[in-house]
Structures are given as C-alpha cells and as structure tokens.
There are 2 protein chains.
Amino acid sequence: MKCRRCRAPAVIDVRRHNAGFCAECFTRHCREQVRRAIEDHDMIHEGDRVLVAVSGGKDSLGLWQLLRELGYEADGLYVGLGIGSYSDRSGEFARAFAEQHAWPLLEIDLEETYGFDIPGGARAAKRVPCSACGLSKRHVFNDAAISNGYDILATGHNLDDEAAVLLGNVLRWDAGYLGRQHPVLPAAPGFVRKVKPLVRLGERELAAYCVLTGIDYIVEECPMAVGNRHLGYKDMLNQVEERSPGTKAAFLFGFIERGHERFAGDAAEEREDLRPCSECGAPTPGEVCAFCKLRSRAAAPRIPVRVEDVHAEVEA
Amino acid sequence: MKCRRCRAPAVIDVRRHNAGFCAECFTRHCREQVRRAIEDHDMIHEGDRVLVAVSGGKDSLGLWQLLRELGYEADGLYVGLGIGSYSDRSGEFARAFAEQHAWPLLEIDLEETYGFDIPGGARAAKRVPCSACGLSKRHVFNDAAISNGYDILATGHNLDDEAAVLLGNVLRWDAGYLGRQHPVLPAAPGFVRKVKPLVRLGERELAAYCVLTGIDYIVEECPMAVGNRHLGYKDMLNQVEERSPGTKAAFLFGFIERGHERFAGDAAEEREDLRPCSECGAPTPGEVCAFCKLRSRAAAPRIPVRVEDVHAEVEA
C-alpha cells in the first residue's frame, strides 16, 4: 500500500478513508483533521486562552501537541484522581511530556484540594466509579479553566469516544444529553467554552500519531473503567465498523448535521433552569450541585463514631 | 420461579419485565401487550377490515392468532417469493394454519403475478436480496390490501425487529426513514394504513407464544438473509440487552415518545413529493416506482440476445 499523498510506502491505512499514509503525511493528516474540526465548528477564536485537560494518555497528549503544532499556545491541566498507581503513573507521563516541551502544566490533586479521591468518592456516594469520575472531572476542569482565566477547555474525546457516548444517549433517547452532545459547548454563565478538536480522528489514529511522533503515553486503561457500559458501546460500534468502515463517522457526523439541532431546545431549556450552587457557585438545577453533594459525602468521616466508643474512651 | 399473576410454577421468564409466567398467564400477557399496542397507537378502528401479512413464521402466524383472539376478523395474505424450498415450506405452514382455523388466506405468487422471483430480481437489479425482497413485499402487500378493499395491513414486526431497524436508521441518521418508523403509518393516497401490533413483544416471546398455543411454524430463517446487516444490528442489541435487560424496549419506546416526532416533518415532506408511478400508479418520488424498475429489469430476458446469435439462427 502506498501513501495517498506522496506515493511513498504507507505505514498506516485508515479504512474509513480508504487511504494509506506514510509517517510524514499521516501526521499532516492528523493536523489537518484537527484544523478542520476547529474550523468547521468555530472552536477557537483569535486571542482565546486554551487549557487542555491531559491525563497522560494518547488522546490528550496527542491533542496538546497537535494544538501546539497548529500554533495555539495551549497550556495543560492535569487532575490527580487518586486511582492508586494508575494515577501516579499517568501523572508522571503528563509531567514528563510537559517538561520535555517546556509547556506550562497546571496540576490539581483531587484529594488535596477537595478532600476525596475517586475510589473513595464512588464508594461513599454509591456511584459507579466512572460516574463519580466524570462528574468530578467536569466540575474540576471547568472550575480550573474559569479561575485561571482560560477562555476554552479542550478535551481529548476522539471519534470513538464520541460515537460511543452518542450510542448511549440514543439508546435512552435522552433529549437533554443529545442536545448537549456537540464538538463545541458554548460558554454560558459559570461555564467555560468546551471543545473537542479530536472528533475527526479515531482511537487508532491517535495511537499511531503518538507512536510516529515519539509521544510517550500511558498505554494501560484506567483499572476502574474495565467492563463499563461505555466500553461495551465501543465494542458494539467496533463490530459494525469492522464490517462497514465509516459507520462510526457517519453516525457521529450524521447526528451533528441532521440530529443535534432537533434536541438543542431540550438542552437550552435545562440550561435556563440552572442557578448557582449554594456551596461552590457552579451552575446547577438544584440547591447544591452534584459535585458538592459527592464531596460532602466522600470527604466526611467514613466510619460514623459510635456513642458506646465515646463512652468507653471517657471511662478509660 | 413463580407466575407473576397466579403464583403457579412459571414456564417462561421475561427478563425485561422481571417477571415469570405460567402458560396460561403468558398467553394472556401476549394478548394484553397486543391489545395495549393497538390501543396506545390507535391502530384499528371499529369496522376496519384487517389483512395480516403471513410468512409461515412465528411472528406473523402468532400475530394472526392474537388478532383473532382479540376479536378482529383479520384475513391472511401470503406472498410466494420464490426463494427455493424455503418459500415452498413457508407457504405450506401458512396454508396449513389458515386451513386448520378456516380463516381466509389470500395468496399471491410473485413469479406468476409479476414475472420474477426474489433471487432473480436481486441478481438482475444488482440489489442485495433483502433489499429487493423488502421493496417487493412493501409494494405487493400494499397493492393486495388496497385492491381487495382492506383498510389495514398488519405485519408481524416485533420489538427486536423494530429496534434493529431503528438502530440502522439512527446509525445513518436517515431523517426520512426515522420519520416513517412508527407502529402506525397512517393511510395516504395510494397507501393503506400499516400497523405493527407486535412492537411490545420480543422474538423470544413470540416463539414461546407459538409453542405454548400449538402453532406450527417454519423455524428456519430465510437462507438469503443469513449474515445481513439487520441481523448484525440484532446481535448488537442482544449483547447490550443481555447485560441490561430492557435496553431494547427503552430504545424503541424512547424513540416513539421522545424522538419520532422530531423527524416526522422530514417524512411528511417526502410524502408530499410523491406522485403516481407511470406504470402501476403506486405513489413514488420518481417517474417510475422502485418496484416497477426492479420488475422491468428482473422480468426482462436475463441474457441479452446477441446480434451474432440472431444471425446464426437466421442462417441455420
């Protein structure tokens, strides 16, 4: 197989584009896809300060580098989630990458700043870990971007991620979620603008981009995500993609073009009902936001003090 | 496990309802689901003449019996598709069932009436067989119902079928198809009303209903459908249903409640552009309808006569 652009021997083929690429043209292809996503969805305006959420994985480190290559002076944000040695190692990859390029990396440790970690938070709030984690990251990312004066939070959600999330939303026909699922979520009171510049690139392309450009990333997946629903949806879509290359992209971009707008009103209605959380000020439909609820459960002493024990101590 | 209604030993459990049923209560449950589908979607009005498309399989024979049990004097329609011995056997099952109950069965043979069969039609039109078959059945069913004075055509599409079709339509975000996907398609000029009273029952429930009530049906699947896309979608949904019982029903009914209406306008627009086919009079967006195009290709001599051969014959 030859490179579609320069006819040199190809090092990767992208089945849904029915094209092979040599290393140089492939990295160019990746940049081009990110440039196009940014342009098509009007993601970043001149002078915007961009913060990239990085986990140490291929998607987020790849995104950071791609944005820099495209001329955006994006900074990184690493949030320590306290998921045992997995978090330790992912932080090391993120830090090493930032140091290597001398790009600024903001760091926030969930336990230090908010008094709980993901395993403990999930247990205390009786949520599945991925739910507690997603909720916490959304809150902390948004908060970090706003309080540090960034205009944009960029995340490394790729085509496979977005298609799997869309499948989950569609299986439930959750109109509010469908209305919020878009490569750009505009800024709103209490919300920084959120963009997903990798929507035009698949997981495999991100891995290849990192390998070909020498990005050292954490290969292992989060141990708490094993067997979760999202990965099940990814598997389903991989099966149909295997059979009909291009299905995932048609599904996601078909939705963006012909589906999303039909649900935008539901999301807008939900947004209108938001008011500041009485504890942290973040927008929430209730009195206290879900993150503060999680935190108050998780950061509270986990074993309630028993009256007998106090008596025993006093008597001793 | 005990029957949910009468506490007798259960013979079947329906995981998405988290319930077991004895034989009697299960057949009652099936009738109840059909009655509710008819009522919820206002499918059949008093005095309507109902024609049920029967294939000899569990869904259509089950539907026919369920409609009769509910008091509808539905007649049957069997279309011979010419798919080798499979069609021969399916016709035998349909005829035997009709005779056993002395219920009227209309019969139409595709080859006799229209001059082609499905394998030949698919080959000639270079369509996948399931596409040629679906197109032909839609046309012939509608035509048979209208020309025989029926108000309603009922088909045996069950929950699994409809969920799989919905998944295919959603993966492509085909707005027109999504707008037409509904348990009831109202009558329109040239179109009889079409209803799907089995949408609240799964494949497994239909098989159990037939076994428990002694309906003898063709168990084998159509040999031309093996490995088709639709069955792939069914497999995908079965995987997620296995893990989260109720997903299929939530997907289909969520769409009916919160999705369908958003696409109804696209279907209505397409309907407005229809005009009578210049050959058969059926509504079509073009000059000649897809069925007449298929027929003219398929019923024409398949090996074009070569001029040389004619010369040779004349000279001989």
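The structure contained in this document is the topic of the report that follows. Chains are numbered independently. Their residues run from 1 in the order of the written sequence. Lettering for chains starts from A, numbering for ligands starts from 1, and both go in the order in which the items are written. Confidence filtering applies because this is a predicted model: local features only for residues at pLDDT of at least 70, side-chain atom pairs given and counted only at 80 or more, and all residues used for totals across whole chains, interfaces and linings. Processing note: side-chain calculations cover all non-hydrogen atoms of the structure and skip hydrogens and water entirely.

Before going further, it helps to spend a moment on the pattern of salt bridges. What makes a salt bridge here is a side-chain nitrogen of Lys or Arg within 4 Å of a carboxyl oxygen of Asp or Glu, nothing more. Counted according to the given criterion, the structure contains 40 salt bridges over all chains. E205 of chain B serves as the salt-bridge partner of R16 of chain B, at 2.7 Å between the closest nitrogen and oxygen. Within this pair, whereas R16 of chain B is found in the loop between β1 (12-14) and β2 (19-21), its partner E205 of chain B is found in helix α9 (residues 203-213), the two being separated by 189 residues in sequence. Overlapping salt bridges bring together E32, R35 and E39 of chain A as one network. Put simply, DSSP H or I for four residues or longer makes a helix, DSSP E for two residues or longer makes a strand, and each gets a number counted from the N terminus.

This brings us to unusual backbone geometry. Residues and elements named next belong to chain B. Of note in the backbone geometry, R7 takes a positive phi value of approximately 65° without being a glycine. Within the secondary structure, R7 sits in the segment before β1. In this scheme, a residue with accessible area under 20% of its type's maximum is buried, one over 50% is exposed, and one in between is partly exposed, where area comes from a 1.4 Å probe on protein chains only. The exposed category is assigned to R7, whose relative accessible area is 52%. Although it is not a glycine, N18 adopts a positive phi angle of roughly 50°. The topology assignment puts N18 in the loop between β1 and β2. With a relative accessible area of 68%, N18 lands in the exposed category.

All names here are of chain A. If DSSP finds at least two bridges between two strands, the strands pair. Ordered in space as β5-β4-β3-β6-β8-β7, the six strands form an open sheet in which the pairing is mixed. Edge strands, defined here as strands with exactly one partner in the open sheet, are β5 (105-109) and β7 (184-185). Examined bridge by bridge, strand β3 (residues 50-53) and strand β6 (residues 152-154) share three bridges and lie parallel to one another. Pairing of V50 across the sheet is with I152, part of β6. On the sheet, helix α6 (residues 129-147) packs against β3, β4 (75-80), β5, β6 and β8 (193-195) and is oriented at approximately 140° with respect to β4. Here a residue-residue contact requires only that any non-hydrogen atoms of the pair lie within 4.5 Å. Between N-to-C directions, angles cover 0 to 180 degrees, with each direction set by a line fitted to C-alpha atoms, over the stretch in contact for helices.

Now for the nonpolar core. In plain words, nonpolar cores are sets of buried Ala, Val, Leu, Ile, Met, Phe, Trp, Tyr and Cys residues tied together by side-chain atoms within 4.5 Å. Membership of the largest hydrophobic core comes to 124 residues, with the highest contact counts inside it found for L67 and W173 of chain A together with L67 and W173 of chain B. Each residue touching W173 of chain A, except ones within four places of it in the same chain, is listed here: L178 and F263 of chain A together with L166, V170, W173, A250, F251, G254, F255, R258 and G259 of chain B.

If you trace the backbone, N228 of chain B turns up in the loop between α9 and α10 (229-243). On the accessibility criterion, N228 of chain B (17% relative accessible area) is buried. Excluding anything up to four places from it in sequence, N228 of chain B contacts R243 of chain A together with C130 of chain B.

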